[in-house]
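Structural overview for review
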Amino acid sequence: MHHKVTQESPIGIFDSGIGGLTVVKAIRAALPSERIIYFGDTARVPYGTKSQITIRKYAADNTNILMRYQPKMIIVACNTVSALALDVVEKSCNGIPVIGVLKAGAELAVQVTKNNRIGVIGTQATICSNAYARSIYLLNPNTQVISQACPLFVPLAEEGFIDHPATKLIGHQYLAEIRKQNIDTLVLGCTHYPILRGVIEETVGSDIRIIDSAEAVALKTKELLAESDLLNPVENTFAPHLLVSDLPQKFSTIYQLFMGTELPDVELVEV
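None of the values given here were measured: they were computed from a predicted structure.

**A few points about the packing of aromatic side chains**
Tallying each qualifying case throughout the model produces four aromatic pairs. Consider the rings of Tyr47 and Tyr58, whose centres lie 5.1 Å apart with planes at 50°: the pair is tilted. Here Tyr47, found in the loop between strand S2 (36-40) and helix H2 (52-67), pairs with Tyr58, found in helix H2; they are 11 residues apart in sequence, far enough to count as distant. Each of the two residues, Tyr47 as well as Tyr58, counts as buried. Taken together, a centroid distance of 5.3 Å and an interplanar angle of 90° make the contact between Phe153 and Tyr193 edge-to-face. Of this pair, Phe153 sits in helix H8 (residues 153-159) while Tyr193 sits in the loop between strand S7 (185-189) and helix H10 (197-204), and the two are 40 residues apart along the sequence. Members of the aromatic cluster, each reached through a chain of ring pairs, are Phe153, Tyr174 and Tyr193.

Printed below as a string of structure tokens:
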């Protein structure tokens, strides 16, 4: 049986680095009175270039770190883990609900597409796993999924190159092909990508609906907590408690970039 979960228990969120802060931001906007514990595995980022065995091991480690805080649910903010190791998280978390960004993003894309042609961009591991395409086909077998790996987007986002000519150039290179495919919906299949949303929108054009999986997860979290009567009734805004496995020099800069606020409560943990 799982630990005693109450309405005041925190929501646990983890990601391979700090990209998942886009999920923290979306959850805070949707559910301002929830406590959030976030773990970013900054020592071992990126996951998108690693093998499935390694990714699965990291998923178990990250879940165990969050479990110390007795969360009422776990959100896998990492698309790579969502694609390749969601079952590992479910096994390690003693039966509390688990939501992965991948499924949430796929569901929203299927709901909004009109012509059933959906584009997905993500890391190499996410795209190679074909998990988005599989999730989307399961929900609607009539969809066409056009996928494209954009490996350089993560470092560009972490560098803060949000409106940089280099980002536009690389964005153009990655997205030129997908634009010709007559998609009406594009899933940002990596939690870093909302940071580059401006460049992505500019490149694919305004007629394509962008699906930010962070927003999709926030909607789903709200639904799930309401259903299980686990929403925190206390009117209070808590600063998210951040755990990281390494404190990179750029951490505070990146945090401000992602969250638009000053530096929060950060704690270094061992993985």
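**A look at the sheet that holds S2**
If you walk across this open sheet you meet the six strands as S4-S3-S1-S2-S9-S10, and the pairing is parallel. Single-partner strands in this sheet number two, and they are strand S4 (98-100) and strand S10 (265-268). Neighbouring strand axes in the sheet, compared pairwise and without regard to direction, differ in orientation by 20° on average. Sheet analysis places S2 next to strand S9 (residues 241-244), joined by four bridges and oriented parallel. Bridged to Tyr38 within S9 is Leu242.

Conventions used here
- Residues numbered from 1 in each chain as written.
- Predicted model: local features only at pLDDT ≥ 70, side-chain atom pairs only at ≥ 80, totals over all residues.
- Heavy atoms only, no water.
- Phe/Tyr/Trp six-rings, centres within 6.5 Å; stacked < 30°, edge-to-face > 60°.
- Helix = DSSP H or I, 4+ residues; strand = E, 2+ residues; numbered from the N terminus.
- Buried < 20%, exposed > 50% of the residue type's maximum accessible area, 1.4 Å probe, protein only.
- Pairing = 2+ DSSP bridges.
- Axes fitted to C-alpha atoms, helices over the stretch in contact; angles between N-to-C directions.

Read these as layout, nothing more, since geometry by itself doesn't imply function.
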